[in-house]
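Examining the three-dimensional arrangement
Here's the letter readout for the chains.
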Amino acid sequence: MPENNILPFKNEFFRKIIHLLSSFFPILYLYVEKTHILLILALANFIIIFIELNKNQMNYIGKNFSKYISFVVRPNESKELMNATYLCVTYFFIVLFFDKYIAIYSLLLLSISDSFAAIVGIKYGQINIIHSKTLEGTFAFIISGIFLVMIISISKNYIVDYTTLFLGVLFASIIELLTP
């Protein structure tokens, strides 16, 4: 995979808007039971795997994928799994293995902070670190992650250990930074 696998800014921006729509799952999880969200995520995984299997075919799914979605697909994703597929599978396992509020926060962090980091990094990033990621994007991830957990803790009267919060966001930003 090439080091720089970034689309033009407009395409990346729309890609991140779609990515932000994945916030639907953690927000829904606030209102439904774990078994229900797992069933919904299992269905979402089935659908995205079906799309994966058909995205390069000349059938109805492949043609519509090409027509409506391909402009936000990075070059490496046309032959490999899309990042959206990894995201969907990850959502399922986070909900399966973690406490409800840890899962909700993690999913929101994955959706919102990752998108914010990419947009800031692509648009304003000057200091490249690794995998076409920038220091500015990493800072955007950390700031949005801390802001996000503060909003959740205030709105849910959820007691937060801010040292753990900061270390968790910092660790997540490092993982995000290291993944191509």
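As a reminder, the structure under discussion sits directly above these lines.
In short, a report on the structure. (Residues numbered from 1 in each chain as written. Predicted model: local features only at pLDDT ≥ 70, side-chain atom pairs only at ≥ 80, totals over all residues. Heavy atoms only, no water.)

Secondary structure summary: the chain contains eight helices and two strands in total. Taken over the C-alpha trace, the chain has a radius of gyration of 17 Å; the compact-globule value for 180 residues is 16 Å, and the two agree within 12%. Along the first, second and third principal axes, the C-alpha set of the chain runs to 55 × 45 × 20 Å. The buried share of the chain, taken over its 180 residues, is 41%. Taking all contacts inside the chain whose residues are at least 6 apart in sequence as the whole, residues at least 24 apart take part in 69%. (Helix = DSSP H or I, 4+ residues; strand = E, 2+ residues; numbered from the N terminus. Rg over C-alpha atoms; globule rule 2.2 N^0.38 Å. Buried < 20%, exposed > 50% of the residue type's maximum accessible area, 1.4 Å probe, protein only. Contact = heavy atoms within 4.5 Å.)

Where nonpolar side chains cluster on the molecular surface, the patch consists of Phe9, Phe13, Phe14, Ile17, Leu20 and Phe71 and spans about 460 Å² of accessible area. Relative to the helices and strands, phenylalanine 9 resides in helix α1 (residues 9–20). With relative accessibility at 30%, the residue phenylalanine 9 sits in the partly exposed group. (Patch = residues over 30% accessible without salt bridge, like charges linked within 9 Å, V, L, I, M, F, W, Y side chains within 5 Å. Areas by Shrake-Rupley, 256 points an atom, 1.4 Å probe, with all protein chains shown as cover. Salt bridge = Lys/Arg side-chain N within 4 Å of Asp/Glu carboxyl O.)

Once that is clear, we can look at the packing of aromatic side chains. On inspection of all chains with the given rule, the structure shows seven aromatic pairs. Measuring from centroid to centroid gives 6.1 Å for phenylalanine 25 and tyrosine 91, while their planes differ by 90°, and the two rings are edge-to-face. Within this pair, whereas phenylalanine 25 is found in helix α2 (residues 24–29), its partner tyrosine 91 is found in helix α5 (residues 83–97), the two being separated by 66 residues in sequence. Look at phenylalanine 93 and phenylalanine 97: their rings are 6.0 Å apart centre to centre, the planes differ by 10°, and that puts the pair in the stacked class. Residue phenylalanine 93 and its partner phenylalanine 97 are both found in helix α5; the two are separated by four residues, about one turn of the helix. Residue phenylalanine 93 is classed as partly exposed on the basis of its relative accessible area, which comes to 41%. The exposure class assigned to phenylalanine 97 is exposed, which follows from its relative accessible area of 60%. Three or more aromatic residues joined by ring pairs form one cluster here, namely Phe9, Phe13, Phe14 and Phe71. (Phe/Tyr/Trp six-rings, centres within 6.5 Å; stacked < 30°, edge-to-face > 60°.)

What follows is about the side chain of arginine 15. Mapped onto the elements, arginine 15 comes out in helix α1. A relative accessible area of 11% means that arginine 15 is categorised as buried. When residues no more than four places from it in sequence are discounted, the contact partners of arginine 15 are Leu7, Val72, Val73, Arg74, Glu77 and Asn83.

Once that is clear, we can look at the environment of lysine 79. As for its position among the elements, lysine 79 is in the loop between α4 (60–68) and α5. Residues lysine 79 and asparagine 56 lie 23 residues apart in sequence; the distance between their C-alpha atoms is 8.3 Å.

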